[in-house]
Amino acid sequence: MNKKEIKILITGDFCPLNRIDDLINAENYGSIFNDFLPLIKESDIAITNLECPVTQTSEKIKKTGPNLKAPVKSVKALVFAGFKLVTLANNHIMDFGVTGLDSTIEACNKSGIDFIGVGSNLQEARKPKYNEINGIRVAFINFCENEWATTNGDAPGANPLNPVANYYDIKEAKANADHVIVIVHGGHEHYSLPSPRMQETYRFFVDAGASAVVSHHTHCFSGFEVYNNAPIFYSLGNFVFDWNNKRNSSWNIGYAVQLEVTLDAVNFLIHPYRQGDLQPGVLLLNMQEKEEFENELSRLNNFIGNKTLLQQQFNELASRRKAYYKYLVEPFNNRIFSILYARKLVPSFLTTKRRNLFLNITRCEAHRDLLIKSLTE
């Protein structure tokens with residue numbers, strides 16, 4: 001390898017549940033990573049998104065969606081593989097509150113794995129991570145869309161997607177590094193394209209100084225583009241995320257990005273794999289599977305490269321999900337009920353669970369995009 005080059009491997013969601021947990025209990029770490037393992041080992045820096053806290057606590061927060069966690073010993077699998085950095089800014093890292101977050105940070109520190117994207121307050125969560133290898137200094141910045149994990153002040157939590165604040169953080173990091181790699185957790189779950197808002201925002205990060213932007217969260221892979229000489233990957237898909245009712249679906253196919261960083265440029269290779277299917281763990285695709293993957297990736301890239309087509313695809317997504325979003329906000333418009341409610345003669349039907357639903361679909365950028373689109377048609 002060129003002495004003036006760094007190999008950086010970035011993967012999607014690592015959530016060691018179900019059969020993966022069984023392999024960890026048996027200390028059979030090799031069966032988690034299989035023939036993908038050499039790609040991790042040969043990298044100067046290997047990064048994955050730890051999609052859940054590692055903790056023993058059972059005190060989960062109230063939220064929409066599942067509360068995910070894994071045993072603390074799960075970190076041993078990451079150490080075995082050779083991961084040196086985990087991104088923690090994601091929508092599940094606070095599922096078990098501050099206790100879960102603190103336990104995760106402690107486990108990373110004890111294992112010698114660096115982390116970014118969280119902190120005891122917003123100021124800490126925004127801090128970049130700098131690495132210098134072979135005379136090349138790289139800054140990593142990590143943030144996520146605003147669901148249940150982000151902090152916006154003095155509370156512990158994850159670094160939020162906030163294009164204004166993110167812009168200044170990228171600018172500052174660029175002033176102190178040769179390259180800035182932005183890793184974002186966001187997008188529309190089970191949708192394999194970015195929304196027009198996402199594309200505009202991620203390109204904005206490049207304009208701010210990012211040499212590459214990498215995203216995950218959607219549980220399916222998306223395409224990529226090269227914008228102003230910087231690659232933007234809109235979703236890597238799951239990395240290690242074994243889910244019992246997800247077999248032979250988009251849930252199981254993803255790819256890792258290997259960035260080849262020199263002082264002057266960032267080049268890349270894509271390594272597709274299958275995970276959590278009939279066999280647990282990660283396996284590189286065979287020739288036929290890889291051909292099918294490349295055809296699908298090319299199809300997605302065609303949409304990403306055409307703003308009109310990308311908007312059309314998003315409109316179709318909004319149409320498919322419109323009934324769901326309208327259902328969530330459909331008000332009671334009975335005049336008699338309104339009068340009785342105003343006089344406190346009937347109880348509120350807005351339960352804590354329903355209030356949390358409303359809060360989430362209005363606060364989270366991805367949900368809000370679809371909500372606005374659904375209500376304006």
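The following paragraphs examine the structure supplied in this document. Note that the coordinates shown come from a computational prediction; the quantities given were computed from them, not determined experimentally.

By size, the foremost hydrophobic cluster in this structure holds 62 residues, and its most contacted members are Ile 8, Ile 10, Phe 140, Val 182, Val 213 and Leu 259. With six residues, the top contributor of residues to this core is strand β7 (residues 136-144). Apart from the residues lying within four places of it in its own chain, the contact partners of Val 182 are Ile 141, Phe 143, Ile 170, Phe 205, Ala 210, Ala 212, Val 213 and Val 214. Counting residues in hydrophobic clusters, the runner-up holds 46 residues, among them Ile 20, Phe 33, Phe 241 and Trp 251.

It is worth spelling out unusual backbone geometry at this point. Even without being glycine, Asn 134 reaches a positive phi, approximately 55 degrees. Its place among the elements puts Asn 134 in the loop between β6 (129-133) and β7. A relative accessible area of 32% places Asn 134 in the partly exposed class. Of note in this structure, Asn 228 is not a glycine but carries a positive phi near 50 degrees. By the element assignment, Asn 228 lies in the loop between β11 (224-227) and β12 (230-233).

What follows concerns the packing of helix α7 (residues 163-175) against helix α8 (residues 196-208). Orientation of α7 relative to α8, taken along the N-to-C sense of each, is 30 degrees, at an axis distance of 9 Å. Taken together, the axes of α7 and α8 are roughly parallel relative to one another. Along this stretch, α7 crosses α8, giving a crossing that reads as right-handed. Residues Pro 163, Asn 166, Tyr 167, Ile 170 and Lys 171 of α7 lie in contact with α8, whose contacting residues are Thr 201, Phe 204, Phe 205 and Ala 208. Its residues placed into classes, the contact of α7 with α8 shows six nonpolar, two polar and one charged.

The subject of this paragraph is the packing of aromatic side chains. Inspection of the entire model under this criterion finds 22 aromatic pairs. With a centroid separation of 5.6 Å and 45 degrees between ring planes, the pair formed by Tyr 29 and Phe 80 is classed as tilted. Taken together, the residues Tyr 29 in the loop between α1 (19-25) and α2 (30-33) and Phe 80 in helix α4 (residues 75-81) connect sequence positions 51 residues apart. Looking at Tyr 29, the relative accessible area reads 12%, which means it is buried. On the basis of an interplanar angle of 80 degrees and a centroid distance of 5.2 Å, the ring pair of Tyr 167 and Tyr 168 is categorised as edge-to-face. One aromatic cluster is present, built from ring pairs that chain together Phe 143, Tyr 167, Tyr 168, Tyr 202, Phe 204, Phe 205 and Tyr 234. When the ring centre of Trp 148 is taken as reference, the NZ or CZ atom of Arg 363 above it lies at 4.9 Å.

The final tally for this structure, using the stated rule, is 13 salt bridges. A salt bridge links Arg 203 to Glu 225; the nearest nitrogen and oxygen atoms lie 2.8 Å apart. Of the two residues, Arg 203 is situated in helix α8 and Glu 225 in strand β11; the sequence distance between them amounts to 22 residues. The class for Arg 203 is buried, based on a relative accessible area of 19%. One salt-bridge network, in which partners are shared between bridges, spans Arg 19, Asp 242 and Arg 247.

This next bit is on helix α5 (residues 97-111). Helix length check: α5 (15 residues) gives 22 Å between terminal C-alpha atoms against 21 Å at 1.5 Å per residue, within 8%. Three or more residues of α5 are buried, namely Gly 97, Gly 100, Leu 101, Ser 103, Thr 104, Ile 105, Ala 107 and Cys 108. Here the buried face of α5 lies against β2 (45-50), α4, β3 (85-87), β4 (114-116), β5 (118-119) and β8 (157-158). Positive backbone phi, approximately 75 degrees, marks Gly 112, located one or two places after α5.

Given 3.6 residues per helical turn, the α-helix brings residues three or four places apart onto the same face. Helix length check: α7 (13 residues) gives 18 Å between terminal C-alpha atoms against 18 Å at 1.5 Å per residue, within 8%. By the burial criterion, the buried members of α7 are Ala 165, Asn 166, Asp 169, Ile 170 and Ala 173. For α7, the buried positions fall inside an angular range of 135 degrees around the axis, keeping them on one side. In α7, the exposed positions angled more than 90 degrees off the buried face are occupied by Val 164, Tyr 168, Glu 172 and Ala 175. The inward-facing, buried residues of α7 contact β6, β7, β9 (179-185) and α8.

Rules behind the numbers
- Residues numbered from 1 in each chain as written.
- Predicted model: local features only at pLDDT ≥ 70, side-chain atom pairs only at ≥ 80, totals over all residues.
- Heavy atoms only, no water.
- Core = buried A, V, L, I, M, F, W, Y, C linked by side-chain atoms within 4.5 Å.
- Buried < 20%, exposed > 50% of the residue type's maximum accessible area, 1.4 Å probe, protein only.
- Helix = DSSP H or I, 4+ residues; strand = E, 2+ residues; numbered from the N terminus.
- Contact = heavy atoms within 4.5 Å.
- Axes fitted to C-alpha atoms, helices over the stretch in contact; angles between N-to-C directions.
- Parallel < 35°, antiparallel > 145°, perpendicular 65-115°, else oblique.
- Left-handed = near helix turned anticlockwise from the far one by under 90°.
- Nonpolar A, V, L, I, M, F, W, Y, C, P; charged D, E, K, R; others polar.
- Phe/Tyr/Trp six-rings, centres within 6.5 Å; stacked < 30°, edge-to-face > 60°.
- Lys NZ or Arg CZ within 6 Å of the ring centre and 35° of its normal.
- Salt bridge = Lys/Arg side-chain N within 4 Å of Asp/Glu carboxyl O.
- Expected span 1.5 Å × (residues − 1).
- Arc of directions from axis to C-beta.

These figures come from the coordinates and say nothing about function on their own.
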